[in-house]
Amino acid sequence: MNGEAYRVEPGTEVRLQSHDPSDLTLCESGKKPGRRLTTELNARLGELQEVLYAEGKHKVLVVLQAMDTGGKDGTIRHVFDGTNPQGVKVASFKKPTARELAHDYLWRVHRHTPGSGEIVIFNRSHYEDVLVVRVRHLVAPEVWGRRYDHINDFERRLTDEGTTILKFFLNISKEEQKARLQSRLDEPHKRWKFSRDDLAERELWEDYQVAYAAVLRRTSTAWAPWYIVPADRKWYRNLVVSQVLLDALEGLDMSYPQPEEGLADVVVE
Ligand code: ATP
Ligand code: MG
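These lines cover the structure that appears in this document, whether it is placed above or below. (Residues numbered from 1 in each chain as written. Chains lettered and ligands numbered in written order. Predicted model: local features only at pLDDT ≥ 70, side-chain atom pairs only at ≥ 80, totals over all residues. Heavy atoms only, no water.)

A few words on the overall build of the chain. Scanning the chain from terminus to terminus reveals eleven helices and five strands. By the compact-globule yardstick of 18 Å for 269 residues, the chain fits well, its C-alpha radius of gyration being 20 Å. Viewed in the frame of its principal axes, the chain has a C-alpha envelope of about 70 × 45 × 40 Å. The proportion of buried residues among the 269 residues of the chain is 50%. Once local pairs closer than 6 in sequence are excluded, the contacts in the chain between residues at least 24 apart make up 82%. (Helix = DSSP H or I, 4+ residues; strand = E, 2+ residues; numbered from the N terminus. Rg over C-alpha atoms; globule rule 2.2 N^0.38 Å. Buried < 20%, exposed > 50% of the residue type's maximum accessible area, 1.4 Å probe, protein only. Contact = heavy atoms within 4.5 Å.)

On to the site of ligand 1, then. Around ligand 1, the structure places 14 residues, and the nearest of them are Lys 94, Arg 108, Arg 124, Glu 128 and Asp 129. Within the side chain of Arg 108, a nitrogen or oxygen atom sits 3.1 Å from a nitrogen atom of ligand 1. Protein chains shield 78% of the accessible area of ligand 1, which is 630 Å² for the free molecule. When contributions to the shell around ligand 1 are tallied by element, the ones reaching two or more residues are helix 2 (72–79) and helix 5 (132–135). Taken together, the residues that form the shell around ligand 1 break down as five nonpolar, no polar and nine charged. (Near = heavy atom within 4 Å. Polar contact = N/O pair within 3.5 Å; in protein donor to acceptor, adjacent residues only side chain to side chain. Areas by Shrake-Rupley, 256 points an atom, 1.4 Å probe, with all protein chains shown as cover. Nonpolar A, V, L, I, M, F, W, Y, C, P; charged D, E, K, R; others polar.)

A few words now on a positive patch on the surface. Residues Lys 31, Arg 35, Arg 77, Arg 233 and Lys 234 make up a contiguous surface patch of positive charge. Residue placement: Arg 35 occurs in helix 1 (residues 31–55). (Patch = residues over 30% accessible without salt bridge, like charges linked within 9 Å, V, L, I, M, F, W, Y side chains within 5 Å. Salt bridge = Lys/Arg side-chain N within 4 Å of Asp/Glu carboxyl O. Lys, Arg positive; Asp, Glu negative; His and termini not counted. Charge placed at Lys NZ, Arg CZ, Asp CG, Glu CD.)

What follows covers the sheet that holds strand 5 (residues 226–230). Spatial ordering of the open sheet is given by 2-3-1-4-5, a layout of five strands whose pairing is parallel. Since the sheet does not close on itself, it has two edges, and those belong to strand 2 (88–92) and strand 5, each with one partner. Within the sheet, the average angular offset between the axes of one strand and its neighbour, ignoring direction, is 20°. Of the pairings in the sheet, the one linking strand 1 (residues 59–66) to strand 4 (residues 163–171) comprises eight bridges and is parallel in character. By the bridge assignment, Gln 65 is partnered in strand 4 with Phe 169. This element, helix 7 (residues 147–160), spans strand 1 and strand 4 of the sheet and lies at about 135° to strand 4. Where helix 11 (residues 234–250) meets the sheet, it contacts strand 1, strand 4 and strand 5, and its direction lies at approximately 165° from that of strand 4. (Pairing = 2+ DSSP bridges. Axes fitted to C-alpha atoms, helices over the stretch in contact; angles between N-to-C directions.)

With that settled, the discussion passes to the pattern of salt bridges. Tallied over the entire structure, the rule returns 16 salt bridges. What emerges from the salt-bridge pattern is a single network uniting Arg 44, Glu 47 and Glu 250.

This part takes up helix 10 (residues 205–219). Under the 1.5 Å per step criterion, the end-to-end length of helix 10 is 21 Å for 15 residues, consistent within 8% with the ideal 21 Å. If you check which residues of helix 10 are buried, you get Trp 205, Tyr 208, Gln 209, Ala 211, Tyr 212, Ala 213, Ala 214, Val 215, Leu 216 and Thr 219. (Expected span 1.5 Å × (residues − 1).)

Here we come to the side chain of Thr 113. Along the chain, the position of Thr 113 falls in the loop between helix 4 (107–110) and strand 3 (119–123). Polar contacts involving the side chain of Thr 113 include one to the main-chain carbonyl oxygen of His 110, which spans 2.7 Å. Look past the residues within four positions of Thr 113 in its chain and what remains in contact with it is Val 120, Phe 122, Phe 154 and Leu 158.

Laid out in structure tokens, this is it:
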């Protein structure tokens with residue numbers, strides 16, 4: 001299986017209508033084998049994350065973006081279940097505080113980027129500053145319009161300094177969102193997740209599709225690619241994200257640090 005099928009080539013026009021959220025092309029054998037495969041991939045991911053942490057050389061940034069109910073939380077829970085929480089952090093970006101708004105939009109983001117040996121997952125990200133901010137007219141078009149270039153430069157700086165960046169757009173359909181929102185209402189233990197704000201956002205679905213298409217076209221770069229992940233089926237979404245991440249870590253050429261010399265003779269009394 002090769003998740004590269006979902007990578008967005010830099011500069012290509014993205015028509016989200018032609019990306020099927022319920023595509024299962026890479027695992028037509030279905031859910032059960034798909035889940036089994038994900039479990040295997042995650043175990044391997046856990047091993048590689050340990051080397052990454054031990055070696056303390058590389059930094060990995062995973063960006064997750066999606067419409068509400070798109071599955072960011074579930075992806076984090078499932079894909080990273082074999083990893084060591086010591087070396088993996090999640091940074092969630094909500095509505096900016098007054099203090100955050102007093103600075104440029106990348107200010108709050110930069111301090112959460114990974115240090116050596118770390119994997120950081122952005123649950124939402126600086127991309128909100130060209131998504132919700134654009135759709136809700138929170139700043140003027142000439143202000144958000146300049147941000148795609150800033151973002152590419154910012155990410156370039158991070159990768160130049162040793163960060164690997166992978167960005168995932170979890171692509172759900174409007175019908176699937178409806179079903180997921182409805183189940184948040186219907187099932188008492190999910191109700192805490194329901195927010196009326198999500199309904200207001202849903203009304204702007206088409207505007208968000210346009211804003212996402214611009215993000216995918218303008219900010220999928222050789223150094224920080226986007227992947228459009230079919231996300232209507234949760235098991236398949238997890239499988240694709242795990243596979244892409246694993247392939248990236250396999251490509252990092254990592255090894256455990258050299259132990260001290262002469263340890264072979266050491267005896268613990
Ligand atoms: P959940 O899955 O729990 O609903 P969530 O990521 O949707 O998680 P919420 O607290 O529901 O978290 O929503 C966060 C809100 O903050 C989103 O509506 C998002 O668009 C908004 N937000 C994030 N960054 C910005 C930003 N820079 N400017 C304005 N709004 C932002
Ligand atoms: Mg929400």
